[in-house]
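So the chains spell out like this:
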Amino acid sequence: MKKIMVTGALGQIGSELTGKLRGLYGTDQVLATDIRVPESGPALDGPFEQLDVTDGKRMHELAKSFGADTIIHMAALLSATAEKNPLFAWNLNMGGLVNALETARELDLQFFTPSSIGAFGPSTPKKNTPQDTIQRPTTMYGVNKVSGELLCDYYFEKFGVDTRGVRFPGLISYVTPPGGGTTDYAVDIYYKAIEEGKYASFIAEGTYMDMMYMPDALQAIVDLMEADPSKLTHRNAFNVTAMSVEPSDFEKAIRTHIPDFQLNYDVDPVRQAIAESWPDSIDPSAAIAEWGFQAKYDLDKMTADMLEKLREKLGK
Ligand code: SER
């Protein structure tokens, strides 16, 4: 991984990943692309091109003229947005993925795309969900993610494309808000704790899901992409997680910094149903064994850092 093209570079993950990769591999070595063109911001600190990922020809041309050796394909709709417009989600999530895989096959690029805890469903074992298990998701996002995992493995087996991926849990970050995910409550809660001292969670008390802080997620991508391929038994995609938590766990953690913080509930049935179809906790032991996955932030350490960084950002 030396010359990297990133799709969805203005999204929740992409916006921070681009900066991290530029820091590690050199500013000019990372081409940021997104369907939106920013007027300012860190994406423009280095090479940037507008790209709609459903345009496979332009994706190929951009990767070729940049001289990329790696494509990191992040552009996708998240779970709740995908449920509102399932056909559009299929076309964008799968169309974009096929174009990125074809670009990787044609230009012999290393390949990363994220899968998700959304790739599991109600018939999956809910606790300590194994790496290899039943995957019958009931959301369009989950259908896309399982199809994507299978397609990435197919491109590796059939064409020798070096495809790698992780199943991300909910990702918590302070730079760019997530858009339309079921786990977004775990980001919103920190903003509202600082801005209003209270939060109404759209996910019900007692609903456990896996989460991870963005610095650990970014490091996981780099570590997996740099891993010795001879050590990888799995490829698409590895379970990774840092914590299994429910809304009142955040309440307790935030109260150690903001004692008056109030958590209430205003449950959204659509996102609640999605959350209930996902695991309570997933088992990351394959990622630990095969490429040394490690999360540095637990809930308390993440909460301290999130609140500090958000206070700076929001000027509070
Ligand atoms: N954070 C994502 C979502 O909620 C899960 O991958 O859609």
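Structure: see above.
Here we summarise the structure given alongside this text. (Residues numbered from 1 in each chain as written. Predicted model: local features only at pLDDT ≥ 70, side-chain atom pairs only at ≥ 80, totals over all residues. Heavy atoms only, no water.)

### Quick look at the layout of surface pockets
Part 1 of the reasoning: One number sums up the size of the second largest pocket: a volume of about 230 Å³.
Part 2 of the reasoning: Together, 16 residues line the second largest pocket, and D153, H234, R235, N236 and A237 are the ones closest to its centre.
Part 3 of the reasoning: The dominant element in the lining of the second largest pocket, judged by the number of residues it contributes, is helix α5 (residues 140-159), at six residues.
Part 4 of the reasoning: Classifying every residue of the lining of the second largest pocket by side-chain character gives five nonpolar, five polar and six charged. (1 Å grid on protein atoms, 1.4 Å probe; cavity = no way out; pocket = protein on both sides within 12 Å on 5 of 7 lines; lining within 4 Å. Points joined across faces, edges and corners; volume = space filled by probe spheres on them. Helix = DSSP H or I, 4+ residues; strand = E, 2+ residues; numbered from the N terminus. Nonpolar A, V, L, I, M, F, W, Y, C, P; charged D, E, K, R; others polar.)

### Examining the packing of aromatic side chains
Part 1 of the reasoning: In the structure shown here, the tally under the stated rule is nine aromatic pairs.
Part 2 of the reasoning: A connected cluster of aromatic rings, assembled from ring pairs, spans Y185, Y190, F202 and F250. (Phe/Tyr/Trp six-rings, centres within 6.5 Å; stacked < 30°, edge-to-face > 60°.)

### Section: the environment of P269
Part 1 of the reasoning: Here P269 shows up in helix α9 (residues 269-277).
Part 2 of the reasoning: Along the backbone, P269 and A204 are 65 residues apart, and their C-alpha atoms lie at a distance of 9.5 Å.

### Things to note about the sheet that holds strand β3 (residues 48-50)
Part 1 of the reasoning: If you walk across this open sheet you meet the six strands as β3-β2-β1-β4-β5-β7, and the pairing is parallel. Looking along the sheet, the strands with just one partner apiece sit at the ends: β3 and β7 (163-164).
Part 2 of the reasoning: Two elements, strand β4 (residues 70-73) and strand β5 (residues 110-112), share three bridges in a ladder whose sense is parallel. Bridged to I71 within β5 is F111. (Pairing = 2+ DSSP bridges.)

### Looking at the site of the ligand
Part 1 of the reasoning: Around the ligand sit L78, S79, S116, Y141, G181, T182, T183 and W278, and that is every residue in its neighbourhood.
Part 2 of the reasoning: Contacts to the ligand include S79, whose side-chain N or O atom sits 2.6 Å from an oxygen atom.
Part 3 of the reasoning: Considering the ligand on its own, with 240 Å² of exposed area, one finds that the protein chains cover 92% of that surface.
Part 4 of the reasoning: In terms of residue class, the shell around the ligand is built from three nonpolar, five polar and no charged. (Near = heavy atom within 4 Å. Polar contact = N/O pair within 3.5 Å; in protein donor to acceptor, adjacent residues only side chain to side chain. Areas by Shrake-Rupley, 256 points an atom, 1.4 Å probe, with all protein chains shown as cover.)

### Describing helix α4 (residues 86-107)
Part 1 of the reasoning: In this model, α4 (22 residues) spans 31 Å end to end at C-alpha, consistent with the 32 Å of a helix rising 1.5 Å per residue.
Part 2 of the reasoning: Looking only at α4, the buried set comprises A89, L92, N93, M94, G96, L97, N99, A100, L101, T103 and A104.
Part 3 of the reasoning: Against the buried residues of α4 lie α2 (56-66), β4, α3 (79-84), β5, α5 and β7.
Part 4 of the reasoning: Two residues or fewer after α4 comes D108, characterised by a positive phi angle close to 55°. (Expected span 1.5 Å × (residues − 1). Buried < 20%, exposed > 50% of the residue type's maximum accessible area, 1.4 Å probe, protein only. Contact = heavy atoms within 4.5 Å.)

### Regarding the packing of helix α1 (residues 14-25) against helix α7 (residues 214-226)
Part 1 of the reasoning: At a closest axis distance of 10 Å, the pairing of α1 and α7 adopts a crossing angle of 50°. On the basis of their axis angle, the class for α1 and α7 is oblique. As α1 runs across α7, the sense of the crossing is right-handed. Facing α1, whose interface residues are E16, L17, K20, L21, L24 and Y25, α7 presents M214, L218, Q219, I221, V222 and E226.
Part 2 of the reasoning: Class assignment of the residues belonging to the contact of α1 with α7 gives a composition of eight nonpolar, one polar and three charged. (Axes fitted to C-alpha atoms, helices over the stretch in contact; angles between N-to-C directions. Parallel < 35°, antiparallel > 145°, perpendicular 65-115°, else oblique. Left-handed = near helix turned anticlockwise from the far one by under 90°.)

### Focus: the sheet that holds strand β11 (residues 209-213)
Part 1 of the reasoning: The three strands lie next to each other as β9-β11-β13, forming an open sheet whose pairing is mixed. Two strands bound the open sheet, and with one partner strand each, they are β9 (170-172) and β13 (243-245). Averaged over all pairs of adjacent strands, the angle between strand axes in this sheet comes to 40°, irrespective of strand direction.
Part 2 of the reasoning: Pairing between β9 and β11: three bridges, direction parallel.

### A closer look at the side chain of E246
Part 1 of the reasoning: Note on placement: E246 falls in the loop between β13 and α8 (247-255).
Part 2 of the reasoning: No salt bridge is formed by the buried E246; its nearest oppositely charged neighbour, K252, is found at 5.0 Å.
Part 3 of the reasoning: Polar side-chain contacts of E246 include one of 2.6 Å to the backbone nitrogen of G206.
Part 4 of the reasoning: Within the structure, E246 has its side chain in polar contact with the side chain of S248 (distance 2.4 Å).
Part 5 of the reasoning: Excluding residues within four positions of it along the chain, E246 makes contact with Y185, E205, G206, T207 and Y208. (Lys, Arg positive; Asp, Glu negative; His and termini not counted. Salt bridge = Lys/Arg side-chain N within 4 Å of Asp/Glu carboxyl O.)

### Things to note about a nonpolar patch on the surface
Part 1 of the reasoning: Side chains of L87, W90 and V143 sit close together on the surface and give an oily, nonpolar patch of about 280 Å² of accessible area.
Part 2 of the reasoning: Relative to the helices and strands, W90 resides in helix α4. (Patch = residues over 30% accessible without salt bridge, like charges linked within 9 Å, V, L, I, M, F, W, Y side chains within 5 Å.)

### Examining α7
Part 1 of the reasoning: Its 13 residues give α7 an end-to-end C-alpha distance of 19 Å, which sits within 8% of 18 Å, the value for a rise of 1.5 Å per residue.
Part 2 of the reasoning: M214, D216, A217, L218, A220, I221, V222, L224 and M225 are the residues of α7 that are buried.

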